[in-house]
Amino acid sequence: AQQAGFDLKGARNSLEAAVKLAPENALAWARLAELWSSFGELDQALEAAQKAVALDPNLSRTQTVLGFAYLTQIETKESKKAFEKAIELDQADSLPRLGLGLAKIREGDLKDGGREIEIAASLDPNNSLIRSYLGKVYFEEKRTNLDGREYAVAKELDPQDPTPWFYDAIRKQTVNRPIEALQDLQKAIELNENRAVYRSKLLLDSDLAARSSSLARIYNNLGFQQLGLVEGWKSVNTNPGNYSAHRFLADSYSVLPRHEIARVSELLQSQLLQPINITPLQPQLAEGNLFLISGQGPSISSFNTYNPLFNRNQATLLATGFAGTNDTWGGEGIVSGIYKKLSLSAGYTHFETDGFRTNNDQDDDIKNVFAQVELTHKTSIQAEYRYRDTQTGDLPIRFDPDNFFPTDRYSTETESIRLGLHQAFTPRSHLLVSFIIQNKDYDFLYPDPSFLLDWSTDEDGYMGEIQHLFKTDRFHITSGAGYLEVDEDNTDIYFSPPPEITSTDINSFNFYLYSYINFPKDVIFTIGASADFFEKDNKESDNVDMDEDQFNPKFGITWNPFQNTTLRAAAFRVLKRRLISKQTLEPTQVAGFNQFFDDGEGSDSWRYGIAIDQKFSASLYGGVEFSKRDIEVPYKFYPFLASPSVQETDWEEQLSRAYLYWTPRSWLALSAEYQYEDLDRDTEFVGPELFTEIETHRFPLGIGFFHPCGISTQVKATYIDQEGKFGDPFSGFMSGDDQFWVVDAAISYRLPKRWGFITLEAKNLFDEEFNFQDTDPANPWTVPEQVILGKCTLAF
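The structure contained in this document is the topic of the report that follows. Chains are numbered independently. Their residues run from 1 in the order of the written sequence. Reporting in this predicted model follows two pLDDT cut-offs: at least 70 for local features of residues, and 80 or more for side-chain atom pairs to be given and counted; totals over whole chains, interfaces and linings ignore these cut-offs and use all residues. Side-chain figures throughout are based on the complete set of non-hydrogen atoms in the structure, without hydrogens or water.

## Quick look at the overall build of the protein
Here comes step 1: Looking only at helices and strands, one finds 15 helices and 24 strands in the protein.
Here comes step 2: Scaling as 2.2 N^0.38, a compact globule of 796 residues should have a C-alpha radius of gyration of about 28 Å, and the protein matches this with 28 Å.
Here comes step 3: Based on the C-alpha atoms only, the size of the protein along its principal axes is roughly 90 × 55 × 45 Å.
Here comes step 4: For the protein, with 796 residues in total, the buried portion stands at 56%.
Here comes step 5: What makes two residues a contact is simply this: any of their non-hydrogen atoms within 4.5 Å. The contacts in the protein between residues at least 6 apart in sequence include a share of 61% that link residues at least 24 apart. Only runs of H or I of at least four residues qualify as helices and only runs of E of at least two qualify as strands under DSSP, and these elements are numbered from the N terminus. Radius of gyration here is computed from C-alpha atoms only, and the compact-globule reference equals 2.2 Å multiplied by the residue count raised to the power 0.38. Using a 1.4 Å probe on the protein chains alone, a residue whose accessible area is under 20% of its type maximum counts as buried, one over 50% counts as exposed, and one in between counts as partly exposed.

In structure tokens:
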């Protein structure tokens, strides 16, 4: 009765009292094992289940509970023995059949496991949960329509169970019905107070991959990225240890400018928190500064469309090939698999293009190998190797199309190894450890008939971080520390040999503590602080040394005054320190406001923000966000005939966004957004983007059509109004402005039975010519020339 009233703690206390009063009662011990499992206390659950079987091995119920206790720890051999014994004792019981089916599926035998779950459904046809699992079986077997039938039956049998709504949303997404999928997912959230959508009712369901980025897939598919970010922030702030929410944010950040540190850091946190799963890790995903036009490149932001609903021993292959204008071509291949408590992923990406103008070419190769082992259900270790080789010309898009360097050449070769540990002391206490070692060779060459500039850097460094996550019903605490050490050897040739050789040592230490307080019920306060100790020592000249020690307060609030209204506000300080691979375990956002932008090293920034997000109805969403950043930026000052020194300058940024998303029909998605940037920089140092003032208004208007036959079309027309002062300190800065429309379009066909996609997309469809300064040169938003790209992705 207490469990039915959602008083799990009271139910567990009652059962603990029961086994004290009747220590020989096997059924009481079996029920206690189930309750311990509900709390994630798997060792106590197994111990209680073993006690129950020892007291009465001839009860089907005790054997069934023992089987599930073994299964949660992926001890499939022992679990099958217990389930088979339970079936011998009571052949009419459906639960051991369900458990035996799940155990066989986990071992990779989908056919026999599925037949056991069919038997379970025939023995108890009115059990909603078993029907949901049978739907998952049919989904995995690609038996179209049968899976939907089982989810529909499950919904009728138990209208309050979120499980069939959640899995039916995944099914509908994969058959090109994303708006209906969104509605089902919202229903699942509604039934579980906005949190249970990330949890399975049956904790033995160790396949958590199905929920890793379901919302992200749907929102990104619809073009509702801002709405996806809102859900991701809410999820992370509610439970910072939720790996799927971190992966969700990593995927969603890919469409936002200057969020590369946040994107790859969220991916790192997700990897360390994740259980064994078969989600493929795209080689490009953990790399920053891809210089890819949004929508180009080997793959969409997430391959999770092809995730199985059951973790089981198997191997998969995902392959993408693409080709387009400007001699753009490339591809990506990823092999991933699971065997017992080991998961592996290996991939290779190639991207090549001549670019839209002279010396705008790019040649990029990325490789990675990732392995994860669950030593126990509490301890997981992982290792990752990454390699990247990039050769480019002058890539940034500047306001004046003729303002580019026709002979500049850049090359970067990076090799890194990452080791990770996840230790769960209890379900409430988790420890994460990350260690990364990297070697990076960078070279800039300016060949000119009259003189030569050749700057090269050989960088060796390592970074270690440790983080502890502690959670209770009302608050969570995220604390951690990190240390970085980098040795740089710089070889510079100015005009002619001999080279000038300098060495720089960089040391950084940081620690932080963030508390997330959920009190009262509809409010989450983020209160915390971090401290950074950053030192950059140039061995040849003390004038360019940097020594920054800084305390950074953090404050944020997320409030739901009404069920469908979210208010957010934040104020915090950040020191931009050196990072290896741009990744860190420190939380990347406060109340949904990003902390880590791609600022210069040693930059000291304050950010203030406020936002409101509103769900007007089941099909209409809107929101507004305002923020301001005040930044002190250090830079090297080179006076005439004197040694360089480190100076500081002030920058200011105002960032605003507004959005309105509407799904008036089950096949139609409409979006309207407003994005505003106002960036002011002192003329003493303007950064590599070469502007002092820039004000940009963007008005993207999007429409998407989705048909169950698999065809989707999306069109986005964006009006841009930009003005500013552009140029360089030598020739001066000139005012300029431009207003124009740019149209992007795509049509795709989703192959039957989740075999893949075929896509044809166009950036700047009508080949509009314009003047535009991209404020995120490492990840350009658009190009002043038509780009057509065809792409095919296959899943095996």
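## With respect to helix α10 (residues 162-174)
Here comes step 1: Between its terminal C-alpha atoms α10 stretches 19 Å, which fits the 18 Å expected from 13 residues at 1.5 Å a residue.
Here comes step 2: Where burial is concerned, most of α10 is hidden: 13 out of the 13 residues are buried. A helix's residues, less one, multiplied by 1.5 Å, set its expected span.

## A few points about the pairing of strand β12 (residues 546-562)
Here comes step 1: Here strand β11 (residues 523-538) pairs with β12 via 14 bridges, running antiparallel. Residue pairing in the sheet places T526 in a bridge with G556 of β12.
Here comes step 2: Looking at chain direction, β12 and strand β13 (residues 565-575) are connected through seven bridges and run antiparallel. Along β13, the bridge assignment pairs F562 with T565. The criterion for strand pairing is that DSSP finds at least two bridges linking the strands in question.

## Some details on the environment of G355
Here comes step 1: Along the chain, G355 turns up in the loop between β3 (342-353) and β4 (362-374).
Here comes step 2: Owing to a relative accessible area of 14%, G355 belongs among the buried residues under this scheme.
Here comes step 3: In this structure the C-alpha to C-alpha distance between G355 and N326, which are 29 residues apart in sequence, comes to 5.8 Å.
Here comes step 4: With residues near it in sequence (within four places) discarded, G355 still touches N326, N360 and D361.

## Quick notes on the pattern of salt bridges
Here comes step 1: Counted as salt bridges are all cases of a side-chain nitrogen of Lys or Arg within 4 Å of a carboxyl oxygen of Asp or Glu. This model, assessed by the stated rule, comprises 44 salt bridges.
Here comes step 2: For E653, the salt bridge goes to R258, with nearest N and O atoms at 2.9 Å. Separated by 395 residues along the polypeptide, E653 in strand β18 (residues 645-665) and R258 in the loop between α14 (243-252) and α15 (260-273) bring together distant segments of the chain. Of the two residues, E653 and R258, both sit in the buried class.
Here comes step 3: Put simply, K155, D168, R171, K172 and D184 are held in one network by salt bridges that share partners.

## Side note on the packing of aromatic side chains
Here comes step 1: A pair of Phe, Tyr and Trp rings is counted when the ring centres sit within 6.5 Å of each other, with Trp represented by its six-membered ring. The angle between the planes then sorts it: under 30 degrees is stacked, over 60 is edge-to-face, the rest tilted. This model, assessed by the stated rule, comprises 25 aromatic pairs.
Here comes step 2: Ring geometry for F470 and F475: centres 6.3 Å apart, planes at 50°, overall tilted.
Here comes step 3: Looking at F470, the relative accessible area reads 32%, which means it is partly exposed.
Here comes step 4: Linked through ring pairs, Y674, Y676, F699, Y719 and W741 together constitute an aromatic cluster.

## A few points about the nonpolar core
For soluble globular proteins, nonpolar side chains are generally found buried alongside one another.
Here comes step 1: Counting residues in each nonpolar core, the largest one holds 34 residues, and the members touching the most others are L222, F224, L227 and Y253.
Here comes step 2: Where this core is concerned, the elements lending two or more residues are α10, α11 (178-191), α12 (214-222), α13 (225-238), α14 and β18.
Here comes step 3: Among the elements that line this core, the one with the most residues is α11, at six residues.
Here comes step 4: Here L227 is in contact with Y219, Y621, Y659 and Y661, once residues within four sequence places are set aside.
Here comes step 5: Take the buried residues of types Ala, Val, Leu, Ile, Met, Phe, Trp, Tyr and Cys, join any two whose side-chain atoms come within 4.5 Å, and each joined set is a nonpolar core. Formed by 30 residues, the second largest nonpolar core is a distinct cluster that contains L469, L484, I524 and V590.

## With respect to the environment of L585
Here comes step 1: If you trace the backbone, L585 turns up in the loop between β13 and β14 (589-590).
Here comes step 2: Overall, L585 belongs to the buried group, its relative accessible area being 0%.
Here comes step 3: Between the C-alpha atom of L585 and that of K440, which follows or precedes it by 145 residues, the distance is 21 Å.
Here comes step 4: Ignoring any residue separated from it by four or fewer positions in sequence, one finds L585 in contact with L268, Q269, L272, L432, S434, E465, Q467 and Y512.

## Describing the pairing of β11
Here comes step 1: Across 14 bridges, the pairing between strand β10 (residues 500-517) and β11 is antiparallel. What sits directly across from N507, in β11, is E535.
Here comes step 2: Here β10 folds back onto β11 in antiparallel fashion, the turn holding five residues.

## Points about the side chain of D532
Here comes step 1: Among the secondary structure elements, D532 is positioned in strand β11.
Here comes step 2: Once residues lying within four places of it in the same chain are set aside, the contact partners of D532 are F509, N510, E548, D549, Q550, N552, L575 and R577.

## Points about the side chain of T584
Here comes step 1: Its location among the elements puts T584 in the loop between β13 and β14.
Here comes step 2: In this structure T584 comes out as buried when scored by relative accessible area, which is 0%.
Here comes step 3: Here a polar contact is taken to be a pair of N or O atoms separated by no more than 3.5 Å, where protein atoms must pair a possible hydrogen donor with a possible acceptor and residues adjacent in sequence count only if both atoms sit in side chains. At 2.9 Å, the side chain of T584 and the side chain of E465 are in polar contact.
Here comes step 4: Excluding its chain neighbours within four sequence positions, the residues that come into contact with T584 are S265, L268, Q269, E465, R577, L579 and F596.

## A closer look at the packing of helix α2 (residues 26-38) against helix α3 (residues 42-55)
Here comes step 1: Two elements in contact, α2 and α3, have axes whose closest approach is 8 Å; the angle formed by their N-to-C orientations is 165°. It follows from the interaxial angle that α2 and α3 lie roughly antiparallel. Note on packing geometry: the crossing formed by α2 with α3 is left-handed. Across the interface between the two elements, A26, W29, A30, L32, A33, W36 and S37 from α2 touch L42, Q44, A45, A48, A49, K51, A52 and L55 from α3.
Here comes step 2: Here the residues of the contact of α2 with α3 sort into twelve nonpolar, two polar and one charged. In this analysis, axes come from line fits to C-alpha atoms, helices being fitted only over the stretch in contact, and the angle between any two N-to-C directions falls in the range 0 to 180 degrees. Note on terminology: angles under 35 degrees are roughly parallel, angles over 145 are roughly antiparallel, angles of 65 to 115 are roughly perpendicular, and the others are oblique. Here a crossing is called left-handed whenever its near helix is offset anticlockwise from the far helix by less than a right angle, and right-handed whenever the offset is clockwise. Asp, Glu, Lys and Arg are counted as charged, while Ala, Val, Leu, Ile, Met, Phe, Trp, Tyr, Cys and Pro are counted as nonpolar; the rest, among them Gly, fall into the polar class.

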